[in-house]
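Below, each chain spelled out in residue letters.
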Amino acid sequence: MTRKRVFSGIQPSGDIHIGNYMGALRNWVAMQDDYETVYCVVDLHALTLPQVPSALAEARLRTAKILLAAGIDPKRSLVYLQSQVPQHAELSWILGTLASMGHLGRMTQYKEKLDKGGQNLGLFSYPVLMAADILVHRVHAVPVGNDQTQHLEFTRDLVDRFNSRYGDYFPMPEQITPGLGARVMSLKEPTSKMSKSDPDGSSRILVTDDADTIRRKVRRAVTDSEARVAYDVERKPGISNLLDILAVFTGNTVEELADRHAGSGYGQLKETVAEAVATGLAPVREAYLGLGDGEVQGLMDEGAAEAGERAERTMVEVRRLIGLSN
Ligand code: AMP
Ligand code: TRP
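Here's what I pulled together on the structure shown here. (Residues numbered from 1 in each chain as written. Chains lettered and ligands numbered in written order. Predicted model: local features only at pLDDT ≥ 70, side-chain atom pairs only at ≥ 80, totals over all residues. Heavy atoms only, no water.)

## A short note on the pairing of strand E2 (residues 36–41)
It is a general feature of regular strands that their side chains alternate between the two faces of the sheet. Burial runs high along E2: 5 of the 6 residues are buried. Crossover connection from strand E1 (residues 5–10) via helix H1 (residues 18–31) to parallel E2: handedness right-handed. Sheet topology places E2 next to strand E3 (residues 77–81); 5 bridges connect them, and they run parallel. For Tyr39, the partnering residue across the bridge sits in E3 and is Val79. (Buried < 20%, exposed > 50% of the residue type's maximum accessible area, 1.4 Å probe, protein only. Helix = DSSP H or I, 4+ residues; strand = E, 2+ residues; numbered from the N terminus. Right-handed = clockwise from strand over helix to strand, strands pointing away. Pairing = 2+ DSSP bridges.)

Here is the structure:
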């Protein structure tokens, strides 16, 4: 039986936090058992915000290292750096000629970044490149957090446009979002999502943080003044976020955990959360520290060679379908 194919990407634009881990990475790891998996460090996407060249070079390798440390196994998954496979950019150009500018202008992520002072064509066409990532591998599904739903809808719209103009070629990709952890909130402002770009580093726990750092960040997490542990996202976003995190790292449901901690103070709940997260991330951190740069770059080169062959097979067909081959 042929397995369904999935693709997902992560930007090397900052350090990987437990939002990325809970919303995306841990599911990517689990999916290796049942799907043909392709994972990518999307360094071309990172260029849509200003980057220091030496820092970007370092960040993309570090991000690749985290994927490997978290359990992405290059023997079972295709894993590589986006810019090493130029077919992504070629397909992006072609899809851009089908893209609706009105639709692109309505993307929340675009509007947020504009508000923060970003202004360039790449930021506007970011979802077109994302669609190209997905379509160049002709995958059936894309595991991502909730914040990518609009981009996935845009990709599906492009598939409709391409297929109706040139014949059914691309499969329609489905979004796969985890039941728990699809939207992890900032520790400092629990009504906003945990984000790589938040200037306050204590708003997020990094997957490479040591146990002391994790304890310190969790202790300082914003809660509320009620001093009553209960799961209520509207009224108690800070406590509910801590319960979500604890649920993912212990495998219990939030209801079980809320019941179990109903009589505890916030301090005690925070200690429990910090221990669970530190214990859960310890193997990732250890694996991360054990990986050498040269080794990771070598694995990425091998991944890119294989990804390039597969992507080229798609592009041969695409060029033929649209009239760019004789
Ligand atoms: P990014 O950090 O934008 O490169 O996102 C990489 C992956 O992590 C995507 O699948 C996102 O949907 C997911 N992700 C990012 N932030 C969060 C968050 N706060 N909660 C859950 N998933 C997230
Ligand atoms: N846009 C995604 C994010 O910000 C990253 C990404 C780029 C991606 N290309 C992708 C995710 C393709 C899934 C599939 O998180």
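Once you've had a look at it, read on.
## Description of the site of ligand 2
Neighbouring ligand 2 are 14 residues; Phe7, Tyr126, Met130, Asp133 and Gln148 lie closest to it. Side-chain polar atom of Gln11 to an oxygen atom of ligand 2: 3.4 Å apart, as the coordinates give it. Expressed as a share of its isolated accessible area of 370 Å², the protein-covered part of ligand 2 is 91%. Sorting the residues of the shell around ligand 2 by element identifies E1 and helix H7 (121–136) as the ones contributing at least two each. Counting residues per element, the shell around ligand 2 draws most heavily on H7, at 4 residues. When its residues are assigned to classes, the shell around ligand 2 shows 7 nonpolar, 6 polar and 1 charged. (Near = heavy atom within 4 Å. Polar contact = N/O pair within 3.5 Å; in protein donor to acceptor, adjacent residues only side chain to side chain. Areas by Shrake-Rupley, 256 points an atom, 1.4 Å probe, with all protein chains shown as cover. Nonpolar A, V, L, I, M, F, W, Y, C, P; charged D, E, K, R; others polar.)

## Observations regarding the site of ligand 1
Close to ligand 1 lie 18 residues; Gly145, Asp147, Val184, Met194 and Lys196 are nearest. Within the backbone of Gly145, one N or O atom sits 2.8 Å away from an oxygen atom of ligand 1. Contact distances for ligand 1 include 2.9 Å between an oxygen atom and a side-chain N or O atom of Lys196. Relative to its unbound accessible area of 480 Å², ligand 1 is 93% covered by the protein chains. Comparing atom positions with the cavity grids shows ligand 1 to sit within the largest pocket. Here the shell around ligand 1 gets 4 residues from one element, more than from any other, and that element is H1. Of the residues assigned to the shell around ligand 1, the class counts are 6 nonpolar, 8 polar and 4 charged. (1 Å grid on protein atoms, 1.4 Å probe; cavity = no way out; pocket = protein on both sides within 12 Å on 5 of 7 lines; lining within 4 Å. Sits in = over half its atoms within 2 Å of the grid points.)

## Here we look at the packing of helix H3 (residues 53–70) against helix H12 (residues 266–290)
Relative to each other, H3 and H12 sit at 130°, their axes nearing to 8 Å. Between H3 and H12, the angle falls in the class oblique. Classified by chirality, the crossing of H12 by H3 is right-handed. Taken together, the residues of H12 that come into contact with H3 (itself represented by Arg62, Lys65, Ile66, Ala69 and Ala70) are Val284, Ala287 and Tyr288. For the contact of H3 with H12, the per-class residue count stands at 6 nonpolar, no polar and 2 charged. (Axes fitted to C-alpha atoms, helices over the stretch in contact; angles between N-to-C directions. Parallel < 35°, antiparallel > 145°, perpendicular 65-115°, else oblique. Left-handed = near helix turned anticlockwise from the far one by under 90°. Contact = heavy atoms within 4.5 Å.)

## With respect to the environment of Arg165
Note that Arg165 resides in helix H8 (residues 149–166). According to the relative accessible area criterion, Arg165 is exposed, its value standing at 56%.

## Remarks on the layout of surface pockets
Think of a ball as big as a water molecule: rolled over the atoms, this probe shows where empty space is left. Approximately 1,200 Å³ is the volume attributed to the largest pocket. Lining the largest pocket are 47 residues, with Gln11, Gln109, Asp147, Gln148 and Lys193 sitting closest to its centre. Contributions of two or more residues to the lining of the largest pocket are made by E1, H1, helix H6 (108–115), H7 and strand E4 (141–143). Here the lining of the largest pocket takes 5 residues from H1, the largest share from any one element. (Points joined across faces, edges and corners; volume = space filled by probe spheres on them.)

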